[in-house]
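Structural characterization, general
What follows is each chain in one-letter form.
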Amino acid sequence: MVNVVETTDESIFQTYKRYPVVLVRGKGCLVWDDKGREYLDFLAGIAVCNLGHCHPAVVQAAKEQCDKLMHVSNYFYTEPQAALSELIIKNSFADRIFFCNSGAEANEAALKLARKYGQDHSDGKKYEIITMNYSFHGRTFATLTATGQDKFHHGFGPLLPGFKYVPFNDIKALRAAVSDITCAVMLEPIQAEGGVNMPVKGYLKSVRELCDEKGLLLIYDEVQVGLGRTGKLFAYEYAGVAPDIMTLAKAIGGGLPGGAMLAGKTVAETFTTGSHATTFGGNPVVMAAGVATMKVLLEGSVLENCRTMGAYFMEQLEKFKAKYPQFVKEIRGAGLIIGMETTLDGRDIVSRCLEKGLIINFTRDTVLRFLPPLIVEKQHIDRCMQVLDEIFAAL
Ligand SMILES: *Cc1c(COP(=O)(O)O)cnc(C)c1O
């Protein structure tokens, strides 16, 4: 039998710093390694398994579709693609959707759409896109360029021209950055990878107003915070204003790889036959899994559970902050995307959690990030708090 760790370390590009665990099985909020050890997954894959691992409805839908048809080209119609488009559009601001395979691809499509719209409406003059410092939009060249963090850019220059960065939550800086060549503003309604940074009250509304005033498209990257993560189907619902273009991915296929870019009617008309395409986007198996995922999200009590458990988790973390004021600086988040800013080395804490059977993650070196499945129960949160308490008590 293949030695998993040895072979992986020798054969696969060393682009990930992996933890020394081989995972073989998952169910709900739990995963198991090859030695039968159980872990509580408060990362939900990586913000992917919103309904938990291997949700029975999703597994069944994917299996049934596998038996029927696994791939056809987008030159043809398929039932699962139509069904998922209807489910998502009916519950969003958008009129049209483009299916792809990942978050980066969804954002790539959004950037292309925004540029083409800008150029079509300005005799080719408008192409610049303003994004935020500490944003994260993906690793392809356009999305890497859109990502406002130097550490990801290092060594890959020259980047794509036509991008500009401003601080998140700074409407004055954004206004000052807009020029004759600006066509769009792109942001995450909650910055996830950049440290779970929340928008200040009124910010997203001001951005919308500025975009309307200047004739700019507003793009929301909801790859991580969309599809229920914040306790609403889409995070923009909290802001009370909708974007012109929105991207989704991570949770869309219930664990299978997928992505989507959405827009209202007028903006969507910018893309005509041949403007954009993908081989695998809208794959029937992924779409069938997506339909099952959306149905559970919409029909069940998952969103409500996300809000209730999110509030309970926050409450416990606030108590924890009061108990360890020397280590915990701030708790922030919405629904079940929560960041705990500490004075500690995030990697060290995450490793200690893993040793105690808890999977979490960190960003910006010191921010512990919690992204449990939206079906999480009180007992899971209590178990997470217990592990954190054992670790912090021993520091
Ligand atoms: C994960 C993520 C992406 C990139 O998605 P991939 O599927 O890894 O390409 C883009 N934007 C946000 C906000 C993300 O969290």
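Just above sits the structure.
Just so we're clear, the structure is a prediction, and the values are computed from it rather than from any experiment.

1. Side note on the layout of surface pockets
Over the atoms, a rolling probe the size of a water molecule traces out where space has been left empty. By volume, the second largest pocket is sized at about 1,100 Å³. Forming the walls of the second largest pocket are 30 residues, and the residues nearest its centre are N74, Q81, I97, F98 and H276. Breaking the lining of the second largest pocket down by element, the ones donating at least two residues are α4 (79–90), β4 (96–100) and β10 (259–263). Within the lining of the second largest pocket, the residues separate by chemical class into 15 nonpolar, 13 polar and 2 charged.

2. What to know about the site of the ligand
The full set of residues close to the ligand is S102, G103, A104, N107, F136, H137, E188, D221, V223, Q224 and K250. At 2.8 Å from an oxygen atom of the ligand is found a side-chain nitrogen or oxygen belonging to Q224. A distance of 2.6 Å separates an oxygen atom of the ligand from a polar side-chain atom of K250. For the ligand, the protein covers 80% of the area, taking 380 Å² as the surface of the free molecule. Tallied by class, the residues present in the shell around the ligand amount to 3 nonpolar, 5 polar and 3 charged.

3. A word on the packing of helix α13 (residues 302–323) against helix α15 (residues 378–393)
Between two packed helices, the angle of one axis relative to the other and the distance separating the axes together describe the packing. Two elements in contact, α13 and α15, have axes whose closest approach is 10 Å; the angle formed by their N-to-C orientations is 15°. By the criterion of interaxial angle, the relationship of α13 to α15 is roughly parallel. Crossing geometry of α13 relative to α15 is assigned as right-handed. Where α13 abuts α15, its residues M309, Y312, F313, Q316, L317, F320 and K323 lie against K378, I381, D382, C384, M385, L388, D389 and F392. Taken together, the residues of the contact of α13 with α15 sort by class into 10 nonpolar, 1 polar and 4 charged.

So, how was this worked out
Residues numbered from 1 in each chain as written. Predicted model: local features only at pLDDT ≥ 70, side-chain atom pairs only at ≥ 80, totals over all residues. Heavy atoms only, no water. 1 Å grid on protein atoms, 1.4 Å probe; cavity = no way out; pocket = protein on both sides within 12 Å on 5 of 7 lines; lining within 4 Å. Points joined across faces, edges and corners; volume = space filled by probe spheres on them. Helix = DSSP H or I, 4+ residues; strand = E, 2+ residues; numbered from the N terminus. Nonpolar A, V, L, I, M, F, W, Y, C, P; charged D, E, K, R; others polar. Near = heavy atom within 4 Å. Polar contact = N/O pair within 3.5 Å; in protein donor to acceptor, adjacent residues only side chain to side chain. Areas by Shrake-Rupley, 256 points an atom, 1.4 Å probe, with all protein chains shown as cover. Axes fitted to C-alpha atoms, helices over the stretch in contact; angles between N-to-C directions. Parallel < 35°, antiparallel > 145°, perpendicular 65-115°, else oblique. Left-handed = near helix turned anticlockwise from the far one by under 90°. Contact = heavy atoms within 4.5 Å.

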